[in-house]
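These are the residues of each chain, in order.
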Amino acid sequence: MNLQLKGKNAIITGGSKGIGKSIASNLADEGVNVAICARGKEALKKTKKELLKKGVKVMAMTCDVGDTEQLNTFLDQVKKQFGSIDILINNVSALSLGDDDSDWETSITVDLLGSVKASRKVIPWMLQAGSGNILFISSGSGLEAGSPPAYAAVKAALISYSKTIAIQLAPENIRVNTLTPGSVEFPDGLWELTKTQNPNLYDWALNSIPSGRMGTPDEIGKVATFIVSPCASWVIGACLAVDGGQRKANL
C-alpha cells in the first residue's frame, strides 16, 4: 500500500531507540524526512546514520524534553531546517516506575508536559499550513489498573488530552490520535532488562498476553505510520491498543 507520505516532515521525540526509533524508521521507509531527539548522544548518532541510508533528510539533536528551553530549541531548529512540520509523534517517556514524589514529578514533567508543550508549539505551524497529524504514544498502563501509579496516571492523562485536542483540531484538518502499546521487548529496553533482573515479573507479563509473546517496536512503528498517513484520514480521536490482546476490557 502506498501511504502517500513521501516528502512529508516528521518529528519524533525519544526517537533514538525502541518504539520511537522504529516509528522514525518506518516513516523514513515511506519517504518522510525525520527529526529525532533524545538525551543520549551515541544512540542518536547511530540512529541518524541508519535513517540517512533510507535517502531522506534526517535531523538528530540531544534534548531533554522535560526542559522547556531545550525542547523549544529543538523544535525551532527542525522548523528552520525542514520549513514545515506535517507530523508530530509524542513518544518520549521517562519510564519513572516508582511512587515517590520524584517519580510523579518526572513523569508529569517529561511524559505529560513534554508532550503537551511540544504539541502546543507545533499546532500553530500546522494551522498555518492547513493540515497536520499528531500522535501520542501512551501505554496500556493508562487504560486499566495494575501499573506503577505515576506512570499509569500520566499515560491516562495523555489519552484524555489527545482526545480533547482531537475534537478541537478536527475542523482545522489536523488529526490527533493515540496508540497504547502493550509490553514491547527490544535490546536494552525495560522488558529485556526485566527478563534477567526480575524473571517472575517478566513471566507474569508474558503470560498476560494471549498471543503468547512480547511485541516488537516494528509492530508499533508500522501502525503509527499508517495512523498518521492519509490512508487513515477519518481516524480522529482514536485510542488504539497495539498489544497482542494484552488488555481484556470491552472498552
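Look a little higher up for the structure.
Just so it is clear, the model here is predicted, and its values are computed rather than measured. (Residues numbered from 1 in each chain as written. Predicted model: local features only at pLDDT ≥ 70, side-chain atom pairs only at ≥ 80, totals over all residues. Heavy atoms only, no water.)

(A) Structural context of the sheet that holds strand β1 (residues 9-13). Across the sheet, seven strands lie side by side as β3-β2-β1-β4-β5-β6-β7; this open sheet has parallel pairing. The sheet is open, and its two edges are formed by β3 (58-62) and β7 (239-242), each paired on a single side. Shown here is a sheet whose adjacent strand axes are inclined to one another by a mean of 15°, direction ignored. Relative to strand β4 (residues 87-90), β1 runs parallel, the two being bridged by three bridges. Pairing of Ile 11 across the sheet is with Leu 88, part of β4. Sitting on the sheet, helix α4 (residues 101-129) is in contact with β1, β4, β5 (132-137) and β6 (174-181), with an inclination near 175° to β4. (Pairing = 2+ DSSP bridges. Helix = DSSP H or I, 4+ residues; strand = E, 2+ residues; numbered from the N terminus. Axes fitted to C-alpha atoms, helices over the stretch in contact; angles between N-to-C directions. Contact = heavy atoms within 4.5 Å.)

(B) Molecular detail of the pairing of β6. Counting buried positions along β6 gives eight out of eight residues, so the element sits mostly inside the fold. Residues Ile 174, Val 176, Thr 178 and Thr 180 point to one face of β6 and Arg 175, Asn 177, Leu 179 and Pro 181 to the other, with burial holding for every one of them. Here six bridges tie β5 to β6, and the two strands are oriented parallel to one another. Bridging from a neighbouring strand, Asn 133 pairs with Arg 175 of β6. Pairing analysis gives four bridges linking β6 to β7, with the strands arranged parallel. When the bridges of β7 are listed, Pro 181 appears paired with Val 242. (Buried < 20%, exposed > 50% of the residue type's maximum accessible area, 1.4 Å probe, protein only.)

(C) Structural detail: the packing of aromatic side chains. Applying the stated criterion to the full structure yields two aromatic pairs. Measuring from ring centre to ring centre gives 5.8 Å for Phe 136 and Tyr 161, while their planes differ by 90°; the resulting arrangement is edge-to-face. One end of the pair, Phe 136, is in strand β5; the other, Tyr 161, is in helix α5 (residues 149-169), and 25 residues separate them in sequence. Here Phe 136 matches Tyr 161 in class, with each residue buried. Sitting over the face of the ring of Trp 125, Lys 79 holds its NZ or CZ atom 5.6 Å from the ring centroid. (Phe/Tyr/Trp six-rings, centres within 6.5 Å; stacked < 30°, edge-to-face > 60°. Lys NZ or Arg CZ within 6 Å of the ring centre and 35° of its normal.)

(D) The arrangement of the pairing of β4 in detail. Residues Ile 87 and Ile 89 point to one face of β4 and Leu 88 and Asn 90 to the other, with burial holding for every one of them. Here β4 runs beside β5; their pairing, made up of four bridges, is parallel. Bridge assignment links Leu 88 to a residue of β5, and that residue is Ile 134. At this point the chain moves from β4, through α4, to the parallel β5, and the crossover so formed is right-handed. (Right-handed = clockwise from strand over helix to strand, strands pointing away.)

(E) Molecular detail of a negative patch on the surface. A contiguous patch of negative charge, built from Asp 99, Asp 100, Asp 101 and Glu 105, is present on the exposed surface. Note on placement: Glu 105 falls in helix α4. (Patch = residues over 30% accessible without salt bridge, like charges linked within 9 Å, V, L, I, M, F, W, Y side chains within 5 Å. Areas by Shrake-Rupley, 256 points an atom, 1.4 Å probe, with all protein chains shown as cover. Salt bridge = Lys/Arg side-chain N within 4 Å of Asp/Glu carboxyl O. Lys, Arg positive; Asp, Glu negative; His and termini not counted. Charge placed at Lys NZ, Arg CZ, Asp CG, Glu CD.)

(F) Representation of a positive patch on the surface. A contiguous patch of positive charge, built from Lys 41, Lys 45, Lys 49 and Lys 53, is present on the exposed surface. Of note, Lys 45 is situated in helix α2 (residues 41-52).

(G) Spatial organisation of unusual backbone geometry. Unlike most non-glycine residues, Asn 173 shows phi in positive territory, near 65°. The residue Asn 173 is located in the loop between α5 and β6 in this model. Positioned with a positive phi, Asp 188 is a non-glycine residue whose angle comes to about 70°. Inspection of the secondary structure assignment puts Asp 188 in the loop between β6 and α6 (190-197). Judged by relative accessible area, Asp 188 falls into the exposed class, the value being 58%.

(H) Focus on the side chain of Arg 175. Assignment of secondary structure puts Arg 175 in strand β6. Despite being buried, Arg 175 has no salt bridge partner; Asp 86 is the closest side chain of opposite charge, sitting 12 Å away. At 3.1 Å, the side chain of Arg 175 and the side chain of Asn 133 are in polar contact. There is a polar contact of 2.8 Å between the side chain of Arg 175 and the backbone oxygen of Ile 227. Contact partners of Arg 175, with chain neighbours within four places excluded, come to Gly 132, Asn 133, Ile 134, Ile 227, Val 228, Ser 229, Ala 232, Ser 233, Val 235 and Ile 236. (Polar contact = N/O pair within 3.5 Å; in protein donor to acceptor, adjacent residues only side chain to side chain.)

(I) Representation of the pattern of salt bridges in the model. All told, the structure shown has seven salt bridges when counted by the stated rule. For Asp 111, the salt bridge is made with Lys 155, and the minimal N-O distance between the two is 3.3 Å. Here Asp 111 is found in helix α4, whereas its partner Lys 155 is found in helix α5, with 44 residues between them in sequence. Notably, a salt bridge pairs Arg 213 with Glu 219, separated by 2.6 Å at the nearest N-O pair. Accessibility expressed as a relative area gives 32% for Glu 219, which makes it partly exposed.

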